[in-house]
Amino acid sequence: MKSGLLSVLFLLSGLFVFAQEQPAEPRFNGADVQYFMRRLIGEFGKVVGERQIAAETLSPKVAVAFEVRADGSVGEWRFRDRNSEGRDRYDVEPASETTREALTEAFSRLEGWSPATYADGRTTDYTLRLVLRLPVEKYLRAQEPDPLLFQGKDPRESFTEWMRT
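Values in this document were obtained by computation on a predicted structure and should not be read as measured data.

Participant: Whenever I open this one, unusual backbone geometry confuses me. Can you help?
Facilitator: Excluding glycine, most residues fall at negative phi; most peptide bonds, likewise, are trans. A positive phi is found at Asn29, a non-glycine position, where the angle reads about 50°. One can find Asn29 in the loop between strand S1 (27–28) and helix H2 (33–51). The residue Glu76 is not glycine, and still its phi comes out positive at about 50°. Following the sequence through the fold, Glu76 ends up in strand S3 (residues 74–80). Overall, the relative accessible area of 51% leaves Glu76 in the exposed class.

Encoded structure:
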């Protein structure tokens, strides 16, 4: 009984030490990674609009990875998919070329990373692996609005008339 209790305590102490050794995730402009993902998808939407990229050419689900270095700089942006190897393998179709170009441009527009940090203040390199769900349907609706809605006209000009009918 006593050796069993000692084994459990030893295992728990090992888990506690392991948990302490893990750095906190990098932060984007003081916020968490989820905030960065929302900003990245928003910037991606801007690129799609600016370049007038056809929504049909975009991939709805994309996996990416990049490194936030110990000095806060970013390096090695890459796409992950079922053709990737090792830790970058992810069960998703490869992103289309237009998606890759637009997402890479959107990523390059965003700055403000703080490195991953240990409890004692040391910083370290940290690789983030993210899965993004891009709102392709939203872009498609914006590019091809319902012809019956607002009587086929620009809603900014015909909303009042549309409401009366």
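Participant: Explain the packing of H2 against helix H3 (residues 97–109) to me, please; I cannot follow it from the model alone.
Facilitator: In contact at an axis separation of 8 Å, H2 and H3 are set at 120° when each is read in the N-to-C sense. If you check the angle between H2 and H3, you find them oblique. Like other packed secondary-structure pairs, H2 and H3 cross with a definite hand, here right-handed. Only Thr99, Glu101, Ala102, Leu103, Glu105, Ala106, Phe107 and Arg109 of H3 make contact with H2, whose side of the interface consists of Phe36, Leu40, Glu43, Phe44, Lys46, Val47, Glu50 and Arg51. When its residues are assigned to classes, the contact of H2 with H3 shows 8 nonpolar, 1 polar and 7 charged.

Participant: Help me understand the environment of Glu21 in this model?
Facilitator: Checked against the element boundaries, Glu21 lands in helix H1 (residues 2–21). Through-space distance from the C-alpha of Glu21 to that of Ala119 is 8.1 Å; in sequence the pair is 98 residues apart.

Participant: Just to check I follow, could you spell out the sheet that holds strand S2 (residues 61–68) for this structure?
Facilitator: Note on sheets: strands pair through backbone hydrogen bonds, and any given pair is parallel or antiparallel. Here 3 strands make up an open sheet; going across it, the order is S3-S2-S7 and the pairing antiparallel. Of all the strands in the sheet, the pair left with one neighbour each is S3 and strand S7 (126–133). Strand-to-strand twist of the sheet, defined as the mean angle between neighbouring strand axes without regard to direction, takes the value 20°. Bridge count between S2 and S3: 5 bridges; the pairing is antiparallel. In the strand pairing of S3, Ala65 is matched with Arg78. Sitting on the sheet, H2 is in contact with S2, S3 and S7, with an inclination near 50° to S7. Along the sheet face, H3 touches S2, S3 and S7 and points at about 155° away from the line of S3.

About the cut-offs
Numbering of residues begins from 1 in every chain and follows the order in which that chain's sequence is written. Only residues with pLDDT of 70 or above have their local features reported here, since the model is predicted, and side-chain atom pairs are shown and tallied only from 80 upward, although totals for entire chains, interfaces and linings are computed over all residues. Water and hydrogen atoms were dropped before computing side-chain values, which therefore reflect all heavy atoms in the structure. Each helix is a run of H or I in the DSSP string that is no shorter than four residues. Each strand is a run of E no shorter than two, and both are numbered from the N terminus. Think of it in three bands: with a 1.4 Å probe and only protein chains considered, a residue is buried below 20% of the maximum accessible area for its type, exposed above 50%, and partly exposed in between. Fitting a line to C-alpha atoms yields each axis, with helices limited to the stretch in contact; the angle taken between N-to-C directions then spans 0 to 180 degrees. With respect to orientation, any angle under 35 degrees is reported as roughly parallel, any angle over 145 as roughly antiparallel, any angle of 65 to 115 as roughly perpendicular, and every other angle as oblique. By convention the crossing between two helices is left-handed if the near helix lies anticlockwise of the far one by an angle smaller than a right angle, and right-handed if it lies clockwise. We call two residues in contact when some of their heavy atoms are within 4.5 Å. Three classes are used, and their members are as follows: Ala, Val, Leu, Ile, Met, Phe, Trp, Tyr, Cys and Pro are nonpolar, Asp, Glu, Lys and Arg are charged, and the others, Gly among them, are polar. At least two bridges found by DSSP between two strands is the condition for calling them paired.

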